[in-house]
Amino acid sequence: YYIVTGYTGTSKKVRIAESYNNLPVREIATDAFYNAAKITSVYIPKNIEKIGVYAFQFCSALESVTFENNSKLKEIHMNLLVDVRLLHHLQCQTV
C-alpha cells in the first residue's frame, strides 16, 4: 500500500487519492501537508487508516476537512491540525 508523504501541488482543494499504481493509499504521513499554506479544503477517502502527527500543521488557509462516509480510520493524532485557525468545517460520520 501507499502512504502520502508530501504535497507539492498548487490546488487549493485537495482530494487524497484512494489508490496509486493499483495499490490502496492507506496513510497520511507525519508532516505530509506541513506548511501547505494555500490549501483551503481536504477530502479524505474512506480507505485512509492512519493520519500522522502534524499532518496539516501550518495549513493556514485550511477551512474544511471532510472524511468520506464509512471511514476506516483507526489512528489519528491529536496534533493533526496545529495552527490551523480558519477551520470551520470538519465532517465525519461514525460507523
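Residues numbered from 1 in each chain as written. Predicted model: local features only at pLDDT ≥ 70, side-chain atom pairs only at ≥ 80, totals over all residues. Heavy atoms only, no water.

(A) Structural view of the overall build of the protein. A tally of helices and strands in the protein yields zero helices and nine strands. Taking 12 Å as the expected radius of gyration for a compact globule of 95 residues, we find that the protein reaches 12 Å, a close match to that expectation. Along the three orthogonal principal directions, the C-alpha set of the protein runs to about 30 × 30 × 20 Å. Partitioning the intrachain contacts of the protein with sequence separation of at least 6 by distance along the chain shows that 54% fall at a separation of at least 24. (Helix = DSSP H or I, 4+ residues; strand = E, 2+ residues; numbered from the N terminus. Rg over C-alpha atoms; globule rule 2.2 N^0.38 Å. Contact = heavy atoms within 4.5 Å.)

(B) Highlighting the pattern of salt bridges. In this structure the tally under the stated criterion is one salt bridge. With its nearest N and O atoms 4.0 Å apart, the salt bridge here joins R26 to E49. On the criterion of sequence distance, the pair formed by R26 in strand β4 (residues 23-28) and E49 in the loop between β5 (41-44) and β6 (50-51) is long-range, its members being 23 residues apart. (Salt bridge = Lys/Arg side-chain N within 4 Å of Asp/Glu carboxyl O.)

(C) Region of interest: the environment of Y7. Structurally, Y7 can be placed in the loop between β1 (2-4) and β2 (13-15). Classification of Y7 by relative accessible area gives partly exposed; the value is 26%. Spatially, the C-alpha atom of Y7 lies 9.7 Å from that of D31, the residues being 24 residues apart in sequence. Filtering out sequence-adjacent residues up to four positions away, Y7 remains in contact with V14, A32, F33, A36 and I39. (Buried < 20%, exposed > 50% of the residue type's maximum accessible area, 1.4 Å probe, protein only.)

(D) Quick look at the packing of aromatic side chains. The tally for this structure, following the rule as stated, stands at four aromatic pairs. The interplanar angle of 15° and the centroid separation of 5.0 Å between the aromatic rings of F33 and F56 together place this pair among those described as stacked. Highlighted residues: F33 in the loop between β4 and β5 and F56 in the loop between β6 and β7 (64-67), separated in sequence by 23 residues. Judged by centre distance (5.5 Å) and plane angle (85°), the rings of Y34 and F58 are edge-to-face. Taken as a pair, Y34 in the loop between β4 and β5 and F58 in the loop between β6 and β7 lie far apart in primary sequence, 24 residues in all. Exposure remark for F58: the relative accessible area of 28% places this residue in the partly exposed category. A network of ring pairs unites the aromatic residues Y7, F33 and F56 as a single cluster. (Phe/Tyr/Trp six-rings, centres within 6.5 Å; stacked < 30°, edge-to-face > 60°.)

(E) Region of the structure containing the environment of C92. You can see C92 is positioned in the segment after β9 (89-91). The spacing of C92 and Y20 is 72 residues in sequence and 24 Å in space, taken between C-alpha atoms.

(F) Local environment of the side chain of N47. Looking at where N47 falls in the secondary structure, it is placed in the loop between β5 and β6. Note on N47: relative accessible area 13%, which makes it buried. Each residue touching N47, except ones within four places of it in the same chain, is listed here: E18, P24, V25, R26 and K72.

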